[in-house]
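Summary of structural features
So you can see what is in the structure, the chains are spelled out below.
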Amino acid sequence: MFKKNGKKAVAYVALLLTLIMCLGTLLEGAIAFADVDTPNASTQTGETVQEDTPKAEESATDGEEQTKAPAEDENTNPNVSGTAASSEVVTDKLKMTVAPVNNSLYLNVSGKKKVTVQCELDAGYKAQTFDVFDQTKNVAVSEGIVMGSKATVTVEDNHVYCLKAKATDASAKEVILRSKETYSVNFPKNVTDLKASCAKKDNLIKVTWDKVNGANRYYVYRNTKATRPSKPIKTVTGNSFSERRKGGSYYYWVQAANTTDAAASMHVRSGKVTAGKYLTIAVRNYWFTAKAKKRIPIYKSAKSKKVIGYLPKGKTVVIKKKSPKVVPQYGVVKRVYFNDKKLKKKGWVNYRSIKLKSHVAGKSNDWSRSVKENYVNKKKFKSSTNYLIWLSKYTQKVYVFKRANKHSKWVLQKTYRCSTGTFAHPTPTNMNYILIRKQYDRHRVTNKGMRYYYKYLSAFGKKGSSGRGNAFHTVCWREGTHKMLKPVKDKPNTKGCARMFTGEAKWIYKHVPTKTRVVSY
């Protein structure tokens with residue numbers, strides 16, 4: 001049986017072996033596939049449980065190191081401004097003193113200024129240095145300043161500043177102190193609607209602008225060029241400025257300032273304005289204003305007892321020319337007249353209830369030489385001599401003109417300061433006075449009985465009056481001495497005469513001939 005089927009048996013065995021080999025190959029492939037996929041699964045299951053605890057321990061260790069690191073930085077970081085906010089202690093024991101570097105407000109530039117800062121630390125803490133800290137920008141503007149010394153720092157508009165200091169408390173524990181007190185500065189805004197104008201046929205320049213919130217001063221600058229000068233010509237509290245200038249073109253700058261914060265705005269320039277080279281009116285005279293010392297009654301006339309209203313205390317009104325005549329020798333004035341259109345009141349008030357003020361240009365202003373010469377020649381003033389004297393009560397000056405002959409023009413030769421008559425004894429206005437020189441000294445007595453004298457009288461009065469009236473004369477001296485009793489004040493201060501300095505009154509007395517025309521207004 002075996003022999004017969006031997007060949008078949010061998011074939012079956014060979015086939016079986018082949019099948020076994022194929023199965024083995026397949027098994028190896030399956031095992032290889034399992035080796036690739038199974039380890040990942042094992043790590044996601046059993047191995048994660050084994051490795052979870054060590055990783056947690058590592059993360060905890062790292063966390064301890066991370067929490068320790070900032071603590072070490074706090075102790076070693078020298079920059080106070082970089083310290084964490086949680087370690088700061090806000091206290092009023094850290095006191096600050098701030099002062100401007102320059103008291104000249106107009107030198108400050110809008111938006112920034114320099115100040116000096118000083119720090120004081122009360123008992124309970126110890127510190128060697130302090131920092132100036134800008135809370136708005138969250139940066140230190142100055143660091144490591146020794147306690148008790150001053151530091152110069154630049155502060156900015158609308159920024160808030162405080163002090164910081166690394167200190168130790170009573171238990172020697174280090175803390176960061178921040179001052180409870182802060183400092184800030186608000187700069188005024190620039191002025192707006194700035195205008196400079198001069199009316200036609202006038203040399204009065206008027207500068208106006210809008211008021212600025214927070215400003216209590218305004219600095220006014222002037223120059224003939226478009227370059228601003230270094231210092232202002234005037235400081236005003238209102239929003240206007242006016243002055244009378246000689247003919248020419250000018251620029252004006254206005255700067256708003258706050259004296260409380262010691263801060264000023266930028267400078268704003270006006271357009272070019274040109275002043276005239278002539279007088280505004282034919283006759284310019286001085287005037288008086290009256291300020292009520294208290295609430296006073298207003299009367300219907302100079303002698304009436306009927307009260308038609310009241311003038312409020314502190315109110316200022318312009319006195320009109322309707323004022324009554326006074327007793328010549330004593331200058332007694334009972335009532336004065338005013339007409340105030342804004343107040344809508346007019347009438348008479350008691351002279352002793354008001355404070356009188358004269359408004360004159362004095363030595364602060366005058367017309368140019370050409371203006372005065374053109375004016376007297378245009379008016380065609382005539383004189384019996386080759387001299388002409390113009391007494392201006394507005395400028396409180398005496399102008400002496402001279403000409404070569406009757407057909408030539410008047411030329412200004414001398415300009416002298418003087419004091420004219422007061423309200424009670426005004427220097428009269430007249431266009432046809434004649435000069436007559438007196439040959440004696442004049443001796444007078446004051447209201448208190450003090451004797452005084454003056455010299456070199458050049459009297460001026462109406463034609464045919466033999467010179468009776470007022471005069472150009474020297475200052476007054478006390479009787480028997482050379483001590484000056486009544487000087488020249490560039491404002492009404494006489495009883496009608498023109499008081500002058502000694503040398504100037506002497507020049508008129510010696511050089512200007514009799515019958516010279518004197519124009520007074």
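The structure presented is a predicted model; accordingly, all values stated were derived computationally and were not measured. Counting restarts for each chain: residues are numbered from 1 in the order of the written sequence. Side-chain atom pairs in this predicted model are given and counted only at pLDDT of 80 or more, local residue features only at pLDDT of at least 70, and totals for whole chains, interfaces and linings cover all residues. In computing side-chain values, all of the structure's heavy atoms are included and hydrogens and water are not.

Considering the packing of aromatic side chains
- The criterion for an aromatic pair is that two Phe, Tyr or Trp rings (for Trp, the six-membered ring) have centres within 6.5 Å, with stacked assigned to planes under 30 degrees apart, edge-to-face to planes over 60 apart and tilted to the rest. Evaluated as defined, the whole model comprises 16 aromatic pairs.
- Between W209 and Y218, the ring centres sit 5.5 Å apart and the planes meet at 55°, which makes this aromatic pair tilted. Take W209 and Y218: they sit in the same class, and that class is buried.
- Taken together, a centroid distance of 6.3 Å and an interplanar angle of 70° make the contact between Y416 and W507 edge-to-face. In this pair, Y416 is assigned in strand 29 (residues 411-417) and W507 in helix 3 (residues 502-511), connecting sequence segments 91 residues apart. For the pair shown, Y416 and W507 are each scored as buried.
- An aromatic cluster is present here, built from Y286, F288, Y351 and F423 joined pairwise through their rings.
- Across the ring face of Y221, the terminal group of R228 is positioned such that the distance to the ring centre comes to 5.4 Å. Burial classification: accessible surface area is computed with a 1.4 Å probe over protein chains only, and a residue below 20% of its type maximum counts as buried, one above 50% as exposed, and the rest as partly exposed. Each helix is a run of DSSP H or I of at least 4 residues and each strand a run of E of at least 2, with the numbering of both proceeding from the N terminus. For a Lys NZ or an Arg CZ to count as sitting over a ring, it must be within 6 Å of the ring centre and within 35 degrees of the ring normal.

A closer look at the nonpolar core
- L94, F130, V132, M147, V155, L163 and Y183 are the most contacted members of the largest nonpolar core, which totals 23 residues.
- Sorting elements by how many residues they give to this core places strand 8 (residues 160-168) first, with 4 residues.
- Listed in part, the 19 residues of the second largest apolar core include V207, A215, V236 and V273. By nonpolar core is meant a set of buried Ala, Val, Leu, Ile, Met, Phe, Trp, Tyr and Cys residues that side-chain atoms within 4.5 Å join together.

Brief notes about the sheet that holds strand 20 (residues 287-292)
- Spatially, 3 strands are ordered 23-20-26 in an open sheet, and the strand pairing comes out antiparallel. Since the sheet does not close on itself, it has two edges, and those belong to strand 23 (316-318) and strand 26 (354-359), each with one partner. Averaged over all adjacent pairs, the angle separating strand axes in this sheet is 25°, with direction ignored.
- Taken together, the 3 bridges between strand 20 and strand 23 define a ladder with antiparallel strand orientation. Pairing between two strands is assigned when DSSP locates at least 2 bridges connecting them. Interaxial angle, 0 to 180 degrees, is taken between N-to-C directions of lines fitted to C-alpha atoms, where a helix line uses only the stretch in contact.

Thoughts on the environment of N350
- By the element assignment, N350 lies in strand 25 (residues 345-350).
- Classification of N350 by relative accessible area gives partly exposed; the value is 28%.
- Linking N350 and I298, residues 52 residues apart in sequence, is a C-alpha distance of 8.2 Å.
- Ignoring sequence-local partners within four residues, the contact set of N350 consists of Y299, K334 and R335. When checking whether two residues touch, look at their non-hydrogen atoms; a contact exists if any pair is within 4.5 Å.

Here we look at the side chain of S353
- Position of S353 among the secondary structure elements: in the loop between strand 25 and strand 26.
- Here S353 is in contact with K291, A292, K293, K294 and I296, once residues within four sequence places are set aside.

Some points on the state of the cysteines
- Cysteine sulfur atoms are paired as a disulfide whenever they fall within 2.5 Å. What the rule picks out here adds up to 0 disulfides.
- In this model C497 remains outside any disulfide bridge; the closest cysteine sulfur is found in C476, 8.8 Å from its own.

Section: helix 3
- When we look at burial in helix 3, the residues that qualify are A505, W507, I508 and Y509.
- Residues of helix 3 that are buried sit in contact with strand 27 (387-392), strand 28 (397-402), strand 29, strand 30 (430-437), strand 33 (458-462) and strand 34 (470-473).

Quick look at the pairing of strand 3 (residues 112-121)
- Pairing of strand 2 (residues 94-100) with strand 3 involves 7 bridges; the strand directions are antiparallel. Bridged to T97 within strand 3 is Q118.
- Pairing of strand 3 with strand 7 (residues 150-156) involves 7 bridges; the strand directions are antiparallel. Among the inter-strand pairings, K114 is bridged to a residue of strand 7, identified as T154.

Quick notes on the pattern of salt bridges
- A pair is scored as a salt bridge if a Lys or Arg side-chain nitrogen falls within 4 Å of a carboxyl oxygen belonging to Asp or Glu. For the structure shown, the criterion picks out 9 salt bridges.
- A salt bridge links K195 to D193, with the shortest nitrogen-to-oxygen separation between them at 3.8 Å.
- By relative accessible area, K195 is classed as partly exposed at 49%.
- Its relative accessible area of 42% is what places D193 among the partly exposed residues.
- Put simply, K315 and D340 hold a salt bridge, and the shortest N to O gap is 4.0 Å. Here the residue K315 occupies a position in the loop between strand 22 (307-311) and strand 23, and D340 occupies one in strand 24 (residues 335-340), the gap between them amounting to 25 residues.

Structural notes on the side chain of R403
- The residue R403 is located in the loop between strand 28 and strand 29 in this model.
- Charge assignment: positive for Lys and Arg, negative for Asp and Glu; neither His nor the chain ends contribute. Comment: no salt bridge for buried R403; closest opposite-charge side chain is E373, at 13 Å.
- Contacts described as polar in this section are N or O atom pairs within 3.5 Å, which, within protein, must combine one atom able to donate a hydrogen with one able to accept it, while residues neighboring in sequence count only if both atoms come from side chains. A distance of 3.1 Å separates a polar atom in the side chain of R403 from the backbone oxygen of S383.
- Reaching out from R403, the side chain makes a polar contact with the backbone oxygen of T385 at a distance of 3.3 Å.
- The residues contacting R403, other than those within four sequence positions of it, are S383, T385, N386, S408, K409 and W410.

Concerning the environment of G111
- With respect to the element layout, G111 can be found in the loop between strand 2 and strand 3.
- Along the backbone, G111 and P188 are 77 residues apart, and their C-alpha atoms lie at a distance of 9.0 Å.
- In this view, G111 contacts V155, E156, D157 and F187; residues no more than four positions away in its chain are not counted.

Some words on a positive patch on the surface
- Two distance rules govern patches: like charges are joined within 9 Å, and nonpolar side chains (Val, Leu, Ile, Met, Phe, Trp, Tyr) within 5 Å, applied only to residues with over 30% relative accessible area and no salt bridge. Note that accessible areas follow from Shrake-Rupley with a 1.4 Å probe, and for residues the cover is restricted to the protein chains shown. Throughout, a charge is located at the NZ atom of Lys, the CZ atom of Arg, the CG atom of Asp or the CD atom of Glu. Together, K291, K293, K355 and K357 make up a region of like positive charge exposed at the surface.
- Tracing the backbone shows K293 in the loop between strand 20 and strand 21 (296-299).

Regarding the pairing of strand 27
- Most of strand 27 sits inside the fold, with 6 of its 6 residues counted as buried.
- Burial along strand 27 is two-sided: the face carrying Y387, I389 and L391 and the face carrying L388, W390 and S392 are both buried.
- Judged from the 6 bridges that link them, strand 27 and strand 28 form a sheet pairing that is antiparallel. Within strand 28, the residue paired with Y387 across the bridge is K402.

Digging into unusual backbone geometry
- Here K380, not a glycine, exhibits a phi torsion of approximately 60°, which is positive.
- When you line up the elements, K380 lands in the loop between helix 2 (369-379) and strand 27.
- In this model, Y456 sits at a positive phi of 55°, which is unusual for a non-glycine residue.

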